[in-house]
Amino acid sequence: RAGMDEEYVVCALLHGIAASLPHFKRQASGHFVTVASIGAHEVVATGAVYCASKYAAWAITEGLRLESDPSIRVTTISPGVVESELADSISDPTAQEAMRTYRAISIPADAIANAISYAIGQPPDVDVNEIIVRPAGQR
């Protein structure tokens, strides 16, 4: 099962682009915002498949930016550790504790929402390509 969720995420991104791009081209404006992960920029032990899918999301979005008309803006948001109830859904006690430890230093989800708001709030001639947002304590 490893990699199945990640595969769906990449496919969903491609389908979303395919569905939206014709409309953006027709109206000569639009803004794609992809939420990837800090995992697009660093690989961690036991996270290779996850990190690969986030790198794929980053690469697809960057390719879209390079290939699109300048009237279509493209932004990738790469969050670091964000508050989540993920540890509560892990059934293996060792893995659950590891996730709780990993998430001990995290930022609230609204920090990511604020980054997205910043990117889309720029004037039409400004394209914020990428924002990496992580807790100050995440090194």
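Throughout what follows, the structure given in this document is the object of discussion. (Residues numbered from 1 in each chain as written. Predicted model: local features only at pLDDT ≥ 70, side-chain atom pairs only at ≥ 80, totals over all residues. Heavy atoms only, no water.)

What follows covers the sheet that holds strand β1 (residues 30-35). Overall, parallel pairing links the three strands, which are arranged β1-β2-β3 in an open sheet. Where the open sheet ends on each side, the last strands, each with one partner, are β1 and β3 (130-133). Put simply, the sheet's adjacent strands are angled 15° from each other on average, direction ignored. Taken together, the six bridges between β1 and strand β2 (residues 72-79) define a ladder with parallel strand orientation. (Pairing = 2+ DSSP bridges. Helix = DSSP H or I, 4+ residues; strand = E, 2+ residues; numbered from the N terminus. Axes fitted to C-alpha atoms, helices over the stretch in contact; angles between N-to-C directions.)

Further remarks concern the nonpolar core. Core analysis: the largest hydrophobic core is formed by eleven residues, namely L13, I17, L21, F24, F32, A36, A40, A57, L64, I72 and V74. Where this core is concerned, the elements lending two or more residues are α1 (4-27), α2 (48-67) and β2. At four residues, the largest contribution of residues to this core is made by α1. Not counting the four nearest positions on each side in its chain, A36 is found in contact with K54, A57, T76, I77, S78 and P79. (Core = buried A, V, L, I, M, F, W, Y, C linked by side-chain atoms within 4.5 Å. Buried < 20%, exposed > 50% of the residue type's maximum accessible area, 1.4 Å probe, protein only. Contact = heavy atoms within 4.5 Å.)

With phi around 55°, A28 is a residue other than glycine that occupies positive phi space. Along the chain, A28 turns up in the loop between α1 and β1. A relative accessible area of 47% places A28 in the partly exposed class. Backbone geometry places T46, a non-glycine residue, at a positive phi of 70°. Relative to the elements of secondary structure, T46 occurs in the loop between β1 and α2. By relative accessible area, which is 90% here, T46 ends up exposed.

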